[in-house]
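Structure at a glance
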Amino acid sequence: MIKILTIIGARPQFIKAATISRVIRNTENILEIIVHTGQHYDDNMSKIFFEEMDIPEPHYNLGIGGGKHGQQTGDMLINIEKVLIEEKPTVTIVYGDTNSTIAGALAATKLQIPVVHIEAGLRSFNKKMPEEVNRIMTDHISDKLFTSTDAAIENLKKEGICTTKISKVGDVMYDAALFYKEKAVRNSKIIEELNLANNDFVLATVHRAENTDTKERLSRIIHELDKISKKINVIFPLHPRTKQKIEEYKIITKNITFINPVGYIDMVMLERTCKMIMTDSGGMQKEAFFHKKPCITLRSETEWVELVESGCNFLWTDEISLMDLYDKVIVTELDLSRNYYGDGNAASLIIGKVISTYKYR
Ligand code: UD1
Ligand code: UDP
């Protein structure tokens, strides 16, 4: 029996873990213990994903949300270590690049429990981002690195990570996009509730520290989105970090339609129906492509470089106004002919490899 201990805590990790967790439940001789660090804790940032996506209730919720990086990561490290000592798993799984990721990877490595990193190898080459530090450190202490893209493999090779540890399997978020599409079409009422129609709105999200942690930067983004919303409706599900900052900086906007964070099922429908996505979210850049929509990334660099190279994703840099970029993007034909993110079976490939690697451990 292989005992996997999954460590998750932030919204995108619930979505990634949903696909893996389902495969584990359908596989014999493998058991999953889920540890939720509590990094995201509002019902619409956490509980809704477990319910809608049929993710099993976490065995542990450590309740560690908010606080500064050191405090948050340190508290996670201390408490994850306790769970690992208690549960003695064969292997741990961590996802992406959040503080929950690095805390989980570090706690396990120090106890000599192998770490599997899903969505490994991504780089923005901007170490001011907390995520960049988390992902570099996690990759270098992981035992097995599952990547979604060729670019990620190249990044890992350049950093000297042994190629035998790396497997390209596709992207678990693509698995999720395919799996939940029908459920979203069937169950979501968000388009009717917000009185929206096909292609008549831009879907925007912002939450990255580099976009929210100075008044100047967040004001610019909101004011540029406000101008666009005089032309086309802008629907903006508001991340709690961004909400706090808009209030703190007293940024006023009249035209943007802010809504509370939505569950995955509603988000899929918003993505499928909108005219364009504008976001600093890593996950939503890919989802724009999955749902065949253009994306403006509200950052000057991205980890998903293949989407920029193929002309499906457009980076917003300081020199151009968002409106000018929007005008350019709406008349651009997208090249959707290539699929960069696998065949929708990344989760099965990962679990197959985990079993063959760790079955005798
Ligand atoms: C975190 C990740 C980021 C990821 C994002 C996904 C790190 C360093 N950052 O950023 O990589 O893209 O999650 O959404 O791990 N808050 C609430 N309610 C919640 C969750 C958060 O009020 O349910 C508040 C927190 O108290 C905190 C702020 O939002 O004040 C930021 O939360 P935090 O988890 O620290 O970082 P995120 O910006 O969510
Ligand atoms: N998402 C969601 N509801 C929202 C905003 C985002 O379900 O209100 C989903 C989105 O579809 C994607 C994931 O959350 O699957 C992305 O998470 P987020 O943007 O918080 O983090 P990132 O991907 O940037 O790490």
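Relevant structure appears above.
The sections below set out a description of the structure shown in this document. What you are looking at is a predicted structure, and each value in this text was computed from that prediction instead of being measured.

Basis of the calculations
Residues numbered from 1 in each chain as written. Chains lettered and ligands numbered in written order. Predicted model: local features only at pLDDT ≥ 70, side-chain atom pairs only at ≥ 80, totals over all residues. Heavy atoms only, no water. Near = heavy atom within 4 Å. Polar contact = N/O pair within 3.5 Å; in protein donor to acceptor, adjacent residues only side chain to side chain. Areas by Shrake-Rupley, 256 points an atom, 1.4 Å probe, with all protein chains shown as cover. Helix = DSSP H or I, 4+ residues; strand = E, 2+ residues; numbered from the N terminus. Nonpolar A, V, L, I, M, F, W, Y, C, P; charged D, E, K, R; others polar. Pairing = 2+ DSSP bridges. Contact = heavy atoms within 4.5 Å. Axes fitted to C-alpha atoms, helices over the stretch in contact; angles between N-to-C directions. Salt bridge = Lys/Arg side-chain N within 4 Å of Asp/Glu carboxyl O. Buried < 20%, exposed > 50% of the residue type's maximum accessible area, 1.4 Å probe, protein only. Disulfide = S-S within 2.5 Å.

Some remarks on the site of ligand 1
- Not every one of the 21 residues close to ligand 1 is listed here, only the nearest: His40, Tyr41, Glu131, His207 and Arg241.
- Within the contact set of ligand 1, an oxygen atom lies 2.8 Å away from a side-chain nitrogen or oxygen of Tyr41.
- Calculation on ligand 1 without its partners gives an accessible area of 750 Å², and the protein chains cover 90% of this total.
- For the shell around ligand 1, the secondary structure elements donating two or more residues are α3 (69–87), α5 (130–141) and α11 (240–249).
- If one sorts the elements of the shell around ligand 1 by residue count, α11 sits on top with three residues.
- The residue inventory of the shell around ligand 1, partitioned by class, reads six nonpolar, 10 polar and five charged.

Some words on the sheet that holds strand β3 (residues 60–61)
- One open sheet holds the seven strands; their spatial order is β3-β2-β1-β4-β5-β6-β7, and the pairing between them is parallel. Two strands bound the open sheet, and with one partner strand each, they are β3 and β7 (166–168).
- Against the sheet, α3 engages β1 (2–8), β2 (30–36), β3 and β4 (91–95), with an angle of about 170° to β1.
- Helix-sheet contacts for α5 involve β4, β5 (115–118) and β6 (144–147), and the interaxial angle to β5 is about 135°.

Details of the pattern of salt bridges
- Overall, the coordinates contain 23 salt bridges when judged by the stated rule.
- The closest approach of N and O atoms between Glu210 and Arg299, which form a salt bridge, is 3.5 Å. Placement of the pair is Glu210 in helix α9 (residues 209–212) and Arg299 in the loop between β12 (295–297) and α14 (305–309), with a sequence separation of 89 residues.
- We classify Glu210 as partly exposed; its relative accessible area is 30%.
- We classify Arg299 as buried; its relative accessible area is 2%.

Some words on the side chain of Glu303
- With respect to the element layout, Glu303 can be found in the loop between β12 and α14.
- On the basis of relative accessibility, which here comes to 5%, the residue Glu303 falls in the buried class.
- A distance of 3.4 Å separates polar atoms of two side chains, one belonging to Glu303 and the other to Arg135.
- Among all residues touching Glu303, those that are not within four sequence positions of it are Leu122, Arg123, Ser124, Met129 and Arg135.

Quick word on the pairing of strand β8 (residues 201–205)
- Across the five residues that make up β8, a large majority, five, are buried.
- Side chains Phe201, Leu203 and Thr205 project from β8 onto one buried face, and the interleaved Val202 and Ala204 project onto a second face that is buried too.
- Where β8 lies against strand β9 (residues 233–237), three bridges are found, and the strand directions are parallel. By the bridge assignment, Val202 is partnered in β9 with Val234.
- Pairing geometry for β8 and strand β11 (residues 276–279), over four bridges, is parallel. Paired with Leu203 across the strands is Ile277, a residue of β11.

Section: the state of the cysteines
- Taken as a whole, this structure holds zero disulfides when the rule is applied.
- Considering cysteine sulfurs only, Cys295 is the nearest to Cys274, which forms no disulfide, with 9.2 Å between them.

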